[in-house]
Amino acid sequence: MMDRINGNFQLGDDLAGKRIVVAMSGGVDSSVVAALAARTGAETIGITLQLYDHGEAVGRVGSCCAGQDIRDARAVADRLGIAHYVFDHASRFKDSVMDVFADEYMAGRTPIPCVQCNMGVKFTDLLQLSRELGADCLATGHYVRRVATPDGAQLHRALDPARDQSYFLFATTQEQLDYLRFPLGDLPKTQVREIAEDMGLAVAFKPDSQDICFVPNGDYASVVRKLRPDADDDGEIVHIDGRSMGRHKGLIHYTVGQRKGLEIGGQAEPLYVIRLEPDTKRVIVGPKAALAVASASLRDINWIGGDYAGPVEVKVRSMARPTLARLEGQELQFHNPEFGVSPGQAAVFYHKDRVLGGGWIEGTAALEQQWLAGVEVQ
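Residues numbered from 1 in each chain as written. Predicted model: local features only at pLDDT ≥ 70, side-chain atom pairs only at ≥ 80, totals over all residues. Heavy atoms only, no water.

Here we look at the pairing of strand β8 (residues 235–239)
Right, on to step 1. In terms of residue burial, β8 counts as a mostly covered element, since four of its five residues are buried.
Right, on to step 2. One ladder, built from four bridges, connects β8 with strand β9 (residues 244–248); its direction is antiparallel. Following the sheet pairing, I237 is matched in β9 by G246.
Right, on to step 3. The antiparallel hairpin formed by β8 and β9 contains four residues in its connecting segment, where G242 sits at a positive phi of about 105°.
Right, on to step 4. As paired strands, β8 and strand β11 (residues 282–286) are joined by three bridges and run parallel to one another. Bridging across to β11, I237 finds its partner in V283. (Buried < 20%, exposed > 50% of the residue type's maximum accessible area, 1.4 Å probe, protein only. Helix = DSSP H or I, 4+ residues; strand = E, 2+ residues; numbered from the N terminus. Pairing = 2+ DSSP bridges.)

See the structure below:
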């Protein structure tokens, strides 16, 4: 059993004299990582970054990195007998995650703050703190696998597809991947909770945190309004054929592919958001066939696929099914028409279970109109 636990951290057979820093958010996943690290015999240090402290979130379980969750992380560290430090990075989090989140919505894009957080505060700031503490690695509770090879570490999907978080870690660099460890990648969530229960951790049955940790009750629009008071400027809803369909209540309430909440009932066929125009404050709607795109332009591509040069499977949303595509410079060419591709989201590349990298979707190219007539819409 100890060989298996030691192997999870990929630091050799004997971890005596090693030092592991664990990113502790106060949830069950990172708490179990800390427990597994302590079991190896390595010196284990827990670090929690306080990222925000909004009134609604201070006492809310599952808010991640604020209020009660920080207290839970400290209680777990005390139970395990390991050192625990809290660092206030609220200002950095606001600048690099929350402000970007608001600005992306204002620009008519659909942001992914979890990726921004991993790119900056977590995998940059935490990693730097870990190195300053002389740690041999930084371990987190993410459900992905790190596969060591002679050519360097690779990032792979988690063994449990229902828990896989690889989409949110596409921006991890090779240098970061060489230092990071993900001990839960081979475990189902049920086993993680069993380990927590066996070790007497109070967080064993704590609910999972929501995806957007700083948004109370899932009301992201209210957060955007606080940060950008003009976010609720209304505008026109326009059909792709040019017809005016009514008024909307602000671009922040809409995303490409959205069908519900348009408040333009009585139409002959369902209508979807085709695109958002921040300059004119218009929401463009149309039939599902109009969502079909042939390609997407990307920016800030991160490649960790080594010399792999074949076709890729790509996910254009975290919950989307992978689809075949080929990457040509900054352009992603889909093998088949793809629907609901939204600027601001990420396109993440895979080869089987391996993550090759990804980039941010900047724009899309619609199919030719004469092709649209032949598109099958399921």
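Details of the confidence of the model for the chain
Right, on to step 1. Taken as a whole, the chain shows an average pLDDT of 87; of its residues, 90% reach a score of 70 or greater.
Right, on to step 2. Ignoring residues within four places in sequence, the model shows residues 369–378, a span with pLDDT below 50, making 12 contacts including any to other chains. (pLDDT = per-residue confidence, 0-100. Contact = heavy atoms within 4.5 Å.)

Thoughts on the packing of helix α4 (residues 90–106) against helix α8 (residues 220–227)
Right, on to step 1. In contact at an axis separation of 9 Å, α4 and α8 are set at 105° when each is read in the N-to-C sense. It follows that α4 is roughly perpendicular to α8 by the angle criterion. Along its contact with α4, which presents K94, M98, D99, F101, A102 and Y105, the element α8 presents Y220, V223, V224 and L227. (Axes fitted to C-alpha atoms, helices over the stretch in contact; angles between N-to-C directions. Parallel < 35°, antiparallel > 145°, perpendicular 65-115°, else oblique.)

What about α4?
Right, on to step 1. Compared with the 24 Å implied by 1.5 Å per residue over 17 residues, the 22 Å span of α4 between its first and last C-alpha is a close match.
Right, on to step 2. Maximum bend of α4: about 30°, positioned at V100.
Right, on to step 3. Turning to α4, the residues buried within the fold contact α5 (113–132), α8 and β12 (293–303).
Right, on to step 4. Positive phi appears at G108, one or two residues downstream of α4, with a value of about 80°. (Expected span 1.5 Å × (residues − 1). Bend = angle between axes of the 7 residues up to and from the residue.)

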